[in-house]
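Here is how the chains run, residue by residue.
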Amino acid sequence: MTTNAFLNPVTTQTWTNGRHLVRCVKVIQETWDVRTFCFMADQPVLFFFKPGQFVTLELEIDGQPIMRSYTISSSPSVPYSFSITIKRVPGGKVSNWLHDNLKEGDEVPVHGPVGLFNAIDFPSDKVLFLSGGVGITPVMSMARWFYDTNANVDMVFVHSARSPKDIIYQRELEHMAARINNFSLHVICEKHGLGEAWAGYRGYLNKPMLELIAPDYLDREIFCCGPTPYMSAVKRLLEAAGYDMARYHEEAFGPTPPEIRAEVKELAAEAADAPEVPIGELNQVEFTSTGKSIRVVPGETVHAAAAKLGLHIPKACGMGICGTCKVMKTAGEVEMEHNGGITDEDVAEGYILSCCSVPKGDVAIDY
């Protein structure tokens, strides 16, 4: 007689993109200025996500609501919790606050998981992970996933750190490399301090170094994450080598690039000089829950319309990635250029991301 007793369906809740209350259950000091914060739900939740995706924390600092996105550093192969790894940044309001205040037992609302940068959507049997500093977190999630699931994926993991004392997850990476033959680890240190022994690569990742580390790098799917200058250098290196950039995937960490800041200033100046738009060309945006409405010029987003009325729709990335600014559209049409922060099911129900939705006429929003 056969029995299906062991096939009991999973009754535990599973994670979906939205707002969730989680509790910090562990804080791990990774290096002198980097900590990992582990979270669980009070009622068990299976935290399924694509390795490389991120969550957005909803915090209150000095009485101000602040949203900040962090990549999940753990793997969905350990499904009842998830972790984020955060570096203390000089002058960094949020990272310093988290290091100084977030402790075991604290509850935090999180939004997510979302993100197009992940190992599932770009399958390959040969990958090259390139990371700099705390940019190691998404590629570590990917490597942990492949390691834990015994995936038949040939991995080369190249990490650039400032010095030996700044290598995040060093022991775990060495453990993984020692146990399986399809995980090749290479760490590059920019410099090393007095009394610090270092026998590995020194300086910055360059073409001769990459050719030595991964002679077949042109045949590998590449996942890259790190500070903007690091990723710019990697892209220049790969483009010059004739790499197929359609197989290159990156996650940006760090401040807004100067060229974007300059573009924003330029657009603001243009807007100040722009002639008045005839009233017939303006689109009306009505927020039905609060009874407020406003006319906006073509090209303005729903989020901008709300802000002009003093309505605060929570927002984190501003690029349609994180899904934080999701609202219900009850009438009218919008043009939405998102980056994966909303599902087709949500769109079918009428939801939009306010940060990247531009009214095509008069619209009504339930907010």
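Before reading further, recall that the structure is shown in the block above.
Definitions and cut-offs
- Residues numbered from 1 in each chain as written.
- Predicted model: local features only at pLDDT ≥ 70, side-chain atom pairs only at ≥ 80, totals over all residues.
- Heavy atoms only, no water.
- Pairing = 2+ DSSP bridges.
- Helix = DSSP H or I, 4+ residues; strand = E, 2+ residues; numbered from the N terminus.
- Axes fitted to C-alpha atoms, helices over the stretch in contact; angles between N-to-C directions.
- Buried < 20%, exposed > 50% of the residue type's maximum accessible area, 1.4 Å probe, protein only.
- Contact = heavy atoms within 4.5 Å.
- Salt bridge = Lys/Arg side-chain N within 4 Å of Asp/Glu carboxyl O.
- Left-handed = near helix turned anticlockwise from the far one by under 90°.
- Nonpolar A, V, L, I, M, F, W, Y, C, P; charged D, E, K, R; others polar.
- Core = buried A, V, L, I, M, F, W, Y, C linked by side-chain atoms within 4.5 Å.
- Polar contact = N/O pair within 3.5 Å; in protein donor to acceptor, adjacent residues only side chain to side chain.

## Quick look at the sheet that holds strand β21 (residues 363-366)
- What the five strands build is an open sheet, ordered β16-β15-β21-β17-β19; its pairing is mixed. Looking along the sheet, the strands with just one partner apiece sit at the ends: β16 (292-296) and β19 (351-353). Here the strands of the sheet are splayed against their neighbours by 35° on average, with no regard to which way each runs.
- Sheet topology places strand β15 (residues 283-287) next to β21; three bridges connect them, and they run parallel. Considered in β21, the bridge of F287 is made with I365.

## Some words on the side chain of T56
- Within the fold, T56 resides in strand β5 (residues 54-61).
- A relative accessible area of 0% places T56 in the buried class.
- When near neighbours in sequence (up to four residues on either side) are disregarded, T56 contacts M67, R68, S69, P109, V110, H111, A316, C322 and T324.

## Description of the pattern of salt bridges
- Going through the model one piece at a time under the given rule, you end up with 18 salt bridges.
- For the salt bridge of E58 with R19, the shortest nitrogen-to-oxygen distance reads 2.9 Å. With a gap of 39 residues between them, E58 in strand β5 and R19 in strand β2 (residues 18-31) connect regions that are remote in the sequence.
- R19 sits in the exposed class, given a relative accessible area of 52%.
- Between R144 and E172 there is a salt bridge; the shortest N-O distance is 2.6 Å.

## Details of the packing of helix α2 (residues 136-148) against helix α3 (residues 170-179)
- Between α2 and α3, the least distance of the axes is 12 Å, while the angle of their chain directions is 35°. Considering the relative orientation of α2 and α3, their crossing is left-handed. On α3, the residues touching I136, M140, A143, R144 and Y147 of α2 are E172, L173, H175, M176 and R179.
- Taken together, the residues of the contact of α2 with α3 break down into six nonpolar, one polar and three charged.

## Observations concerning the nonpolar core
- By size, the foremost hydrophobic cluster in this structure holds 24 residues, and its most contacted members are W15, F37, F39, L57, F82, I84 and L98.
- Listing elements by their share of this core, those giving two or more residues are β2, β3 (34-40), β5, β6 (64-71), β7 (82-87), α1 (93-101) and β8 (107-114).
- Setting aside chain neighbours within four positions, we find F82 in contact with W15, V22, F37, C38, F39, F47, V55, I72, S74 and V110.
- The next biggest cluster of nonpolar side chains, apart from the first, holds 23 residues, and it includes V139, Y169, L173 and M176.

## Things to note about the environment of D366
- Here D366 is to be found in strand β21.
- Judged by relative accessible area, which is 38%, D366 ranks as partly exposed.
- Sequence separation between D366 and F287 is 79 residues; the distance between their C-alpha atoms is 5.8 Å.
- Residues within four places of D366 in sequence aside, it is in contact with T288, S289, M328 and T330.
- Among the polar contacts made by the side chain of D366, one reaches the side chain of S289 at a distance of 2.5 Å.

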